[in-house]
Amino acid sequence: MDFGVSEAMSVRLAMIAEFMDREVIPLEGEMLHGDPETLAAGVAAAQAKVKQMGLWAPNHPVEFGGLGLSMVDHGLFAEAVGRSPLGMTVFGTQAPDAGNIEILHRYGTPEQQDRWLRPLVDGEIRSCFSMTEPETAGSNPVLLATTATVEGDDYVINGQKWFTSSADGAAFAIVMAVTNPDAPPHQRSSMIIVPTDTPGFNLVRNVSVMGHVGSGHASHGEVIYQSCRVPRSNLLGPEGGGFVIAQDRLGPGRIHHCMRWLGIAARAFEMMCERANERIIDRDGNHLADRQVIQHWAAELDAEIRGARLQVLHAAWMIDQHGAKAARDEISAIKFVVANTMLKAVDSAIQVHGALGVTDDTVLAYWYRHERAARIYDGADEVHKTSLGRRLLRRFGPSAPGAGSERPTGGSASATGERSVYETLGGEALIGTAVEAFYSKLRSDPIVGEFFTGADLSALETHQKMFLTAALGGPDAYEGRDMRAAHAHLKIADVDFDLFIQHLEDTLSELDVEPERIADVLDSLAPLRREIVAAPSDTPDEWANVDPAGGRG
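Everything quoted here is computed from the prediction, not taken from an experiment.

(A) Quick look at the pattern of salt bridges. A complete count under the given rule lists 20 salt bridges for this structure. As a salt-bridge pair, Arg229 and Asp154 come within 3.4 Å of each other at their nearest N and O atoms. Linking Arg229 in strand S8 (residues 218-231) with Asp154 in strand S3 (residues 154-165), this pair joins segments that are 75 residues apart in sequence. The exposure class assigned to Arg229 is partly exposed, which follows from its relative accessible area of 40%. A salt bridge links Glu278 to Arg275; the nearest nitrogen and oxygen atoms lie 3.9 Å apart. Of this pair, Glu278 and Arg275 both sit in helix H8 (residues 242-278), 3 residues apart, which is roughly one turn of the helix. Residue Arg275 is classed as buried on the basis of its relative accessible area of 11%. Three or more residues are tied together by salt bridges with common partners; here these are Glu18, Arg22, Glu23 and Lys49.

Okay, here's the thing in C-alpha cells:
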C-alpha cells in the first residue's frame, strides 16, 4: 500500500501548516479568556484568507467547491488543522456541518440541496445534528424515543434531545426520529430537516461540559421538540433509512475525527517536549528533560502516536481502495486506539507543565475538558471493542474455513448425520420469510426503484434464498457452481449484505427464534460475508449471466 502524498497535496499541507502557526493558533488566547465577538471577528478574517488561498472546505464535494480529496488526503488535512481547536472552523470543515454536508450531498433532493447544502458549504449558515437523547443509550440508536408522526403532508415531531452540538445559532437541524415504530428495529427511524425557527423547536439550554457552557458553534444544546411540524418533503433519503444514513455518516467521519485527534496529540507532544527542555528543576540547572522518566514518556508517546497514525492512514487507504464496508474492522479499531492515544498525550503534557497545565494559559486544559468525550461520542470505546472482538472471534470459530466444527453448519451436517442450522430453523419456510420481508421493503423504496426493475429484484431474491440455504446447510443441490452464480449476481448488484444480515437477525428475533439459534445463523454466515467483501468487483464473465432458476444461463 502507498501512503505517498501528491505534489499538489504536499503544497497544500505546507500552506496549511504555515497558516495555522501564523493566523490560527494566535487566536486561541481570545478563545480561552477573551471576548466572543472579538474572537468571531478574528475567525471570520482568517476564513476570508483561507478562501482567497483556495483552501476553503477542501473535503466537500467538487461540485460544491471542494477539492475532491481522497480519504487519505482528507485525513492528512484533518491532522494539519486539528492542531488547534479553531482549525476546522477556520477552514470550513467543522463538525457537525461536515457530516451534515455529506448527508445532504448523498441523500438530499435538488430542492433541499439548493436551500440548505449550498449555503452550508459556503459558510453562510451553520447546522446541527440532533440524535442523542438523555433518556436512551446513545450507543444504540435503535432505542430512540423521539417520534415523527405523519399528519397529512407533515411530520409532527415530539421528543427530547441533548448534545445537539452547535444548535446555538444554527439555521437548521437534521433530526433522527422514529417514523415507523412497527418496522424492524433498524428500519424504524428517519432523518428529517428541521429549520430552527420552526414553532416547537425549543433550544432549552447549552449543556455545561466540565464547567464550560459555551456558545455558538462551540456548544452542546438540549432541544425539546414539542409538536414541531415540518413538511414531509423535508425527509432525507427513504423513510426508515435513518440508521443506514447514520452509519454512512459515521464510518468515514471517524477518519476525520481520528486524524484531528492525531493533530492534537502531535501538538500536545511538542508542547510537552518544549516544556521539559525549558523547565529548570534544581540549582544545578538541570531540566525536566534530563529526567529518565520524562525521556521514557517521550519515547513511548512518540511510538504510540506513530503507530496510531499509521493505523488511521491504513484505514483511510482501505476506504479509498475497497469502501467503508470493507474497512469496518479498521474503522472500529482506530476509534478507540486513537482517542486513548490523544488523551494520553494531553494528560502527559499537562503533567509536565505542572500547575500551568491545568490553567487556561495554554490550550491543554481546554483539550482535557472537551476531548475526553472522544471516548464516548460516535460509539463508546467499549461498543467498538465488543463489536470488533465479536467479529474477530467468529473468524476463528467452528464455522470458520478450516476450523473443526462443534456444531452443525453448512454441508458438514449432512455428512455427520446431524441436523443443520437450516433444518433446526425450520428450513425453507423461515429463510423464505426473512428474505421476502427484506425484498418487500426494497420494493417500496423509491431509491431502489431507480436502479432495479421488478424482475431484477425477483432474481436477486431467488438467489439470496439459494445462497442462504446453502450457507446454512440446506439441500446439496444449491452447492457448487450454483452458489458461485448466486454470489456473482449479488456482487454485481452490490447488494448490501451487512444490511441484509442485520435484517435477518431482526426478523429471526421477531419470529421468536431462540437466541442460540440466531447466534448459529450469524456464525454460519460470517465466512460468507468475508467472501462477498473480498470478491473482485469485475466478476468473471462466465458467472455474469445468471438464470433466476439457479446456475448459469
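(B) Molecular detail of the packing of aromatic side chains. Scanning all chains against the criterion turns up 6 aromatic pairs. Here the aromatic rings of Trp116 and Phe172 are separated by 4.8 Å at their centres, their planes lie at 45°, and the arrangement is tilted. Of the two residues, Trp116 sits in helix H7 (residues 110-121) while Phe172 sits in strand S4 (residues 172-178), which places them 56 residues apart along the sequence. The residues Trp116 and Phe172 share a single accessibility class, namely buried. Here Trp162 and Phe163 contribute two aromatic rings whose centre-to-centre distance is 5.0 Å and whose plane-to-plane angle is 85°, an arrangement assigned as edge-to-face. Among the residues examined, Trp162 registers a relative accessible area of 26% and is labelled partly exposed. One aromatic cluster is present, built from ring pairs that chain together Phe19, Phe77 and Phe91. Above the ring of Trp56, the side-chain terminus of Lys51 is found at 4.6 Å from the ring centroid. We note Lys335 situated over the ring of Tyr377; from NZ or CZ to the ring centre the distance is 6.0 Å.

(C) Structural view of helix H12 (residues 381-394). Under the 1.5 Å per step criterion, the end-to-end length of H12 is 20 Å for 14 residues, consistent within 8% with the ideal 20 Å. The set of residues buried in H12 consists of Asp381, His384, Leu388 and Arg391. All buried residues of H12 project into a common sector of 115° when viewed along the axis, lining one side.

(D) Region of interest: the pairing of strand S1 (residues 127-130). Burial along S1 is two-sided: the face carrying Ser127 and Phe129 and the face carrying Cys128 and Ser130 are both buried. Here 4 bridges tie S1 to S4, and the two strands are oriented parallel to one another. In the strand pairing of S4, Phe129 is matched with Ile174.

(E) Local environment of the environment of Val213. With respect to the helices, strands and loops of the structure, Val213 is situated in the loop between strand S6 (201-206) and strand S7 (214-215). Overall, Val213 belongs to the partly exposed group, its relative accessible area being 42%. Among all residues touching Val213, those that are not within four sequence positions of it are Asn206, Val207, Ser208, Ala218 and Ser219.

(F) Expanded view of the packing of helix H4 (residues 71-81) against helix H9 (residues 292-322). In the contact formed by H4 and H9, the axes pass within 8 Å of each other and the chain directions differ by 145°. Packed against H4, whose contacting residues are Met71, Val72, Leu76 and Glu79, the element H9 presents Arg309, Leu313, Ala316, Trp317, Ile319 and Asp320 at the interface. Taken together, the residues of the contact of H4 with H9 break down into 7 nonpolar, no polar and 3 charged.

About the criteria used
- Residues numbered from 1 in each chain as written.
- Predicted model: local features only at pLDDT ≥ 70, side-chain atom pairs only at ≥ 80, totals over all residues.
- Heavy atoms only, no water.
- Salt bridge = Lys/Arg side-chain N within 4 Å of Asp/Glu carboxyl O.
- Helix = DSSP H or I, 4+ residues; strand = E, 2+ residues; numbered from the N terminus.
- Buried < 20%, exposed > 50% of the residue type's maximum accessible area, 1.4 Å probe, protein only.
- Phe/Tyr/Trp six-rings, centres within 6.5 Å; stacked < 30°, edge-to-face > 60°.
- Lys NZ or Arg CZ within 6 Å of the ring centre and 35° of its normal.
- Expected span 1.5 Å × (residues − 1).
- Arc of directions from axis to C-beta.
- Pairing = 2+ DSSP bridges.
- Contact = heavy atoms within 4.5 Å.
- Axes fitted to C-alpha atoms, helices over the stretch in contact; angles between N-to-C directions.
- Nonpolar A, V, L, I, M, F, W, Y, C, P; charged D, E, K, R; others polar.

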